Amino acid sequence: MNRKSYIYRSFFLSVVLCVVQGILTFAAETFGALDLLFSIIAFVLGIFQLAANIMMGVRRLHDLDKCGWWMLLLIVPLVNLFFCLYLLFFKGTEGPNEYGDDPLQQ
């Protein structure tokens, strides 16, 4: 996944899920009896967002010719900030690499 695609998809996913979770929070405050249901739905959406971000990060790392295990750097404080900047701004390898063809050449 190239930089442009990674940024657009991450931004779109974050905006959509934040809007949905905002609606769920508003609904939970409005309908107090369904608070547990809305909390469960918000939790499931959070898990979905985490899984989607990990998958996009692994695809981005493959474009950079790195293995997906590098995503574990997100757990390390302060290192995760520089790692996110690396994912956002560093250009992927030109031409095919170990993980497949160059997405910009297709």
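Thresholds, definitions, all that
- Residues numbered from 1 in each chain as written.
- Predicted model: local features only at pLDDT ≥ 70, side-chain atom pairs only at ≥ 80, totals over all residues.
- Heavy atoms only, no water.
- Core = buried A, V, L, I, M, F, W, Y, C linked by side-chain atoms within 4.5 Å.
- Buried < 20%, exposed > 50% of the residue type's maximum accessible area, 1.4 Å probe, protein only.
- Helix = DSSP H or I, 4+ residues; strand = E, 2+ residues; numbered from the N terminus.
- Contact = heavy atoms within 4.5 Å.
- Patch = residues over 30% accessible without salt bridge, like charges linked within 9 Å, V, L, I, M, F, W, Y side chains within 5 Å.
- Areas by Shrake-Rupley, 256 points an atom, 1.4 Å probe, with all protein chains shown as cover.
- Salt bridge = Lys/Arg side-chain N within 4 Å of Asp/Glu carboxyl O.
- pLDDT = per-residue confidence, 0-100.
- Polar contact = N/O pair within 3.5 Å; in protein donor to acceptor, adjacent residues only side chain to side chain.
- Expected span 1.5 Å × (residues − 1).

Colleague: Would you mind going over the nonpolar core with me for this structure?
Modeller: Nonpolar side chains in soluble globular proteins generally cluster together in the buried interior. Membership of the largest hydrophobic core comes to 17 residues, with the highest contact counts inside it found for Leu-61, Phe-83 and Leu-87. For this core, the secondary structure elements donating two or more residues are helix H1 (3-30), helix H2 (35-63) and helix H3 (79-89). At 6 residues, the largest contribution of residues to this core is made by H1. What Leu-87 contacts, discounting residues up to four positions off in sequence, is Tyr-6, Gly-57, Arg-60, Leu-61 and Leu-64.

Colleague: When you look at unusual backbone geometry in this model, what are you seeing that I'm missing?
Modeller: Note: most residues except glycine have negative phi, and most peptide bonds are trans. We note that Asp-65 has phi near 65°; this positive angle belongs to a residue other than glycine. Positive phi outside glycine occurs at Leu-78, with the angle close to 70°. The topology assignment puts Leu-78 in the loop between H2 and H3.

Colleague: Explain the environment of Phe-26 here, please?
Modeller: Mapped onto the fold, Phe-26 is located in helix H1. Each C-alpha atom of the pair Phe-26 and Arg-59 lies 34 Å from the other, and the pair is 33 residues apart in sequence.

Colleague: Please clarify how a nonpolar patch on the surface should be interpreted in this entry.
Modeller: The grouping of Leu-78, Leu-81, Phe-82, Leu-85, Phe-89 and Phe-90 at the surface amounts to a nonpolar patch, some 660 Å² of accessible area in total. Under the relative-accessibility criterion, Leu-78 is labelled exposed at 60%.

Colleague: When you look at the confidence of the model for the chain in this model, what are you seeing that I'm missing?
Modeller: Detailed reading of the predicted model is not advised wherever pLDDT is low. On average, the chain scores 86 in pLDDT, and the residues at 70 or more come to 99%. The secondary-structure element of the chain with the lowest mean pLDDT is H1, recorded at 87, while H3 shows the highest, at 91.

Colleague: Help me understand the side chain of Ser-10, please; the structure alone is not making it clear to me.
Modeller: Structurally, the position occupied by Ser-10 is in helix H1. A polar contact of 2.9 Å, which involves the side chain of Ser-10, links it to the backbone oxygen of Tyr-6.

Colleague: How should H1 be read in this particular structure?
Modeller: Count 3.6 residues to each turn of an α-helix, and residues three or four apart come out pointing the same way. With 28 residues, H1 should reach 40 Å at 1.5 Å per residue; the first-to-last C-alpha distance of 40 Å fits that figure. Listed as buried for H1 are Tyr-6, Ser-10, Leu-13, Leu-17, Leu-24, Ala-27 and Ala-28. Buried-residue contacts for H1 involve H2 and H3.

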